[in-house]
Every structure is written in structure tokens, then in C-alpha cells.
Amino acid sequence: MIKDEDKQNAGANKSVLEQINSLKREDERLYNILAIDVWALAKTMDEYQPGFWSAFMKNREKALKRFLAEMMKNKPTDTKRPPFLR
């Protein structure tokens, strides 16, 4: 009786692990497809408008810096934490 339950649990665990591995593979595949799409878009835009990708990356860097500054400004200060961890 206990052996039957162990076999069922082992089968269920194996099934869950297989599903997790399948999801990991699908996630990696989707990530690779997205990377190819971005590359194709950038290459196409660079053909029509030279320097597009460079300008895009500069704008992205500015936007990221602005976003981080805004996040730091709006971050609540916890007086209980040491200053270097705030």
C-alpha cells in the first residue's frame, strides 16, 4: 500500500518536473524569437534611416537614467535601516 503511494508520488513528481522543463524550453525559445525580431527590426530601420539603432540606444539610456532617478526620488526612506542600505 505504501509502495503504491510512493509510485504515484514519484510519477506525479516526474510529471511536474517534465512540465517545468517544457516551460523552461518554451521560455528560452520565445526569448530567442524575440531577440531575432528585435534584430530584424533594428537592421531594417538602419537600412531606411542610417544611425537609427545608435539614436535608439542613446534615447533608451537617457530614459533609463530618468526612470532610475525618479524611482530613487520616490523611494520611501526607512529610518530603521542604516544609511548605506536606504
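Data block above holds the structure.
Below is a short write-up of the structure. (Residues numbered from 1 in each chain as written. Predicted model: local features only at pLDDT ≥ 70, side-chain atom pairs only at ≥ 80, totals over all residues. Heavy atoms only, no water.)

Another point: the overall build of the protein chain. Along its length, the protein chain carries 2 helices and 0 strands. Buried positions account for 1% of the 86 residues belonging to the protein chain. Total accessible area computed for the protein chain in this model is approximately 8500 Å², and 60% of it derives from carbon and sulfur atoms. (Helix = DSSP H or I, 4+ residues; strand = E, 2+ residues; numbered from the N terminus. Buried < 20%, exposed > 50% of the residue type's maximum accessible area, 1.4 Å probe, protein only. Areas by Shrake-Rupley, 256 points an atom, 1.4 Å probe, with all protein chains shown as cover.)

Turning to a nonpolar patch on the surface, a few remarks are in order. Among the surface-exposed residues, Leu-34, Val-38, Trp-53, Phe-56 and Met-57 lie close enough to one another that they form a single nonpolar patch of about 430 Å² accessible area. Elements with a contribution of two residues or more to the nonpolar patch: α1 (2-48) and α2 (52-74). Among the structural elements, Phe-56 can be located in helix α2. (Patch = residues over 30% accessible without salt bridge, like charges linked within 9 Å, V, L, I, M, F, W, Y side chains within 5 Å. Salt bridge = Lys/Arg side-chain N within 4 Å of Asp/Glu carboxyl O.)

In the structure shown here, the tally under the stated rule is 2 aromatic pairs. Taking the centre distance of 6.2 Å and the plane angle of 20° together, the rings of Phe-52 and Phe-56 count as stacked. Taken as a pair, Phe-52 and Phe-56 lie in helix α2 at a separation of 4 residues, close to a single helical turn. Judged by its relative accessible area of 38%, Phe-56 falls in the partly exposed class. When the centroid spacing of 5.2 Å and the interplanar angle of 25° are considered together, the rings of Trp-53 and Phe-56 count as stacked. (Phe/Tyr/Trp six-rings, centres within 6.5 Å; stacked < 30°, edge-to-face > 60°.)

Okay, the pattern of salt bridges next. This structure, assessed with the given rule, holds 3 salt bridges. Glu-61 is the salt-bridge partner of Lys-65, the closest N and O atoms lying 3.4 Å from each other. Of this pair, Lys-65 and Glu-61 both sit in helix α2, 4 residues apart, which is roughly one turn of that helix. A relative accessible area of 54% means that Lys-65 is categorised as exposed. The exposure class of Glu-61 is partly exposed, given its relative accessible area of 43%. For Glu-70, the salt bridge is made with Lys-73, and the minimal N-O distance between the two is 3.7 Å. Of this pair, Glu-70 and Lys-73 both sit in helix α2, 3 residues apart, roughly one helical turn. Residue classification places Glu-70 among the partly exposed residues on the basis of a relative accessible area of 36%. Among the residues examined, Lys-73 registers a relative accessible area of 60% and is labelled exposed.

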